[in-house]
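Fold and contact review
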Amino acid sequence: MQTTIENDFSHVGTGVHLGRPARINIRPAPVDHGIVFKRIDVDDSKSIVKANFENILSSELCTSLTNSYGVSVKTVEHLLAAFSGIGVTNALVEIDNEEVPILDGSSLRFVQSLIKAGICKQNKSLNVCTIKKSIKVQNRNSWVKLIPSNQFILTVIINYPNTCIGKQKFKLSMKKDSFVKELSDNRTFCLKKDIQIMRSKGFALGGSLENAIVVDGYKIMNPNGLRRKDEFVRHKMLDALGDIALAG
């Protein structure tokens, strides 16, 4: 069953592209609309960017989407994870910036606002992707494998040697309640030594200890520490869910 939100709402957060706070308005949408971004700061005829894998511009450090006019929206994965995790399939996301607000570095505030706005079922069945055979994609030392199953289960393994992160593994059956309870509040993270490299590429310009976990070797630099001891791998699963949502 297709779903949308009942009431629209807004978020304001860091928008490094324009050097000022970015605003997004999330509005209900009709059946078969999908998740669609609308850049309200550009010409209306060029403003639509659909959340679909065919529109991926880049997935290095964050996921960026673009349309045929070169209008882009980046860091979409946390918001898309929120939509996917609680089952919203149709929504219009109006944004006045190139980058979705990072908020606290997780999906928590998006999830809370979506639930508060209300979610309504729509009178049309949803076409879903089904994995018919095993698929594996590898990029240097990283890989992902999709295996046929009658459930949606994610397993993520990460390895950051010589840091307090180390090797972590997490497995979760992806249901609405499990996403909200187990994944939605886990924050993005980075290594302190990588921050300058990221900023030289135009990423993390608005980053701070308020919206990311920063790791310096075996030390967590955030005064309040972690929300969970395995917050790192859980956030990578959150990112993965947001990217999988681009399958449509």
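Let us look at the structure shown here. (Residues numbered from 1 in each chain as written. Predicted model: local features only at pLDDT ≥ 70, side-chain atom pairs only at ≥ 80, totals over all residues. Heavy atoms only, no water.)

Looking now at the packing of aromatic side chains. Under the counting rule described, the total for this entry stands at two aromatic pairs. Note on Y160 and F189: the rings are 5.5 Å apart at their centroids and 70 degrees apart in plane angle, and the pair reads as edge-to-face. Note that Y160 is positioned in strand β13 (residues 153-160) and F189 in strand β15 (residues 189-191), a separation of 29 residues in sequence. Looking at Y160, the relative accessible area reads 23%, which means it is partly exposed. On the basis of relative accessible area, F189 is assigned to the buried category, the value being 12%. Among the aromatic side chains, those forming a connected cluster through ring pairs are Y160, F189 and F232. Residue placement shows K136 over the ring face of W143; its charged tip is 4.7 Å from the ring centre. (Phe/Tyr/Trp six-rings, centres within 6.5 Å; stacked < 30°, edge-to-face > 60°. Helix = DSSP H or I, 4+ residues; strand = E, 2+ residues; numbered from the N terminus. Buried < 20%, exposed > 50% of the residue type's maximum accessible area, 1.4 Å probe, protein only. Lys NZ or Arg CZ within 6 Å of the ring centre and 35° of its normal.)

The element strand β9 (residues 91-95) is extensively covered by neighbouring structure, given that five of its five residues are classed as buried. In β9, alternate side chains face the same way, and those of A91, V93 and I95 on one face and L92 and E94 on the other are all buried. For strand β3 (residues 22-27) and β9, the ladder comprises four bridges, and the chain directions are antiparallel. Bridge pairing links N25 to E94 in β9. Of the pairings in the sheet, the one linking strand β4 (residues 35-39) to β9 comprises five bridges and is parallel in character. Counterpart to K38 in the pairing with β9 is E94. (Pairing = 2+ DSSP bridges.)

Among all positions in helix α2 (residues 108-117), only F110, V111, S113, L114 and A117 are buried. For α2, the angular spread of the buried residues around the axis is 170 degrees, confining them to a single face. Buried residues along α2 sit against β1 (3-5), β2 (9-13), β3, α1 (77-86), β10 (119-121) and α3 (176-182). (Arc of directions from axis to C-beta. Contact = heavy atoms within 4.5 Å.)

Another aspect to go through is unusual backbone geometry. For residues besides glycine, phi is generally negative; the peptide bonds are generally trans as well. Even without glycine at this site, D32 takes up a positive phi of about 65 degrees. In this structure, D32 sits in the loop between β3 and β4.

Read across the open sheet, the three strands follow the order β6-β7-β8; overall the sheet is antiparallel. Every interior strand has two partners, whereas the edge strands, β6 (56-58) and β8 (72-74), have only one. In this sheet, neighbouring strand axes are inclined to one another by 30 degrees on average, regardless of whether the strands run parallel or antiparallel. With three bridges joining them, strand β7 (residues 64-66) and β8 adopt antiparallel strand pairing. Residue pairing across strands places T66 opposite S72, the latter belonging to β8. (Axes fitted to C-alpha atoms, helices over the stretch in contact; angles between N-to-C directions.)

Inspection of the secondary structure puts D96 in the loop between β9 and α2. Side-chain polar atoms of D96 contact the backbone nitrogen of R23, separated by 2.8 Å. (Polar contact = N/O pair within 3.5 Å; in protein donor to acceptor, adjacent residues only side chain to side chain.)

The next subject is the side chain of T66. Mapped onto the elements of the fold, T66 is located in strand β7. One polar contact links the side chain of T66 to the main-chain carbonyl oxygen of V71, over a distance of 3.2 Å. Contact partners of T66, with chain neighbours within four places excluded, come to V49, N55, L57, V71 and S72.

Glancing now at a nonpolar patch on the surface. On the surface, I131, I135, V137, V144 and L146 cluster together to form a nonpolar patch covering roughly 380 Å² of accessible area. Those elements that provide at least two residues to the nonpolar patch are β11 (135-139) and β12 (142-146). With respect to the helices and strands, the residue L146 is situated in strand β12. Assessed through its relative accessible area of 36%, L146 is described here as partly exposed. (Patch = residues over 30% accessible without salt bridge, like charges linked within 9 Å, V, L, I, M, F, W, Y side chains within 5 Å. Areas by Shrake-Rupley, 256 points an atom, 1.4 Å probe, with all protein chains shown as cover. Salt bridge = Lys/Arg side-chain N within 4 Å of Asp/Glu carboxyl O.)

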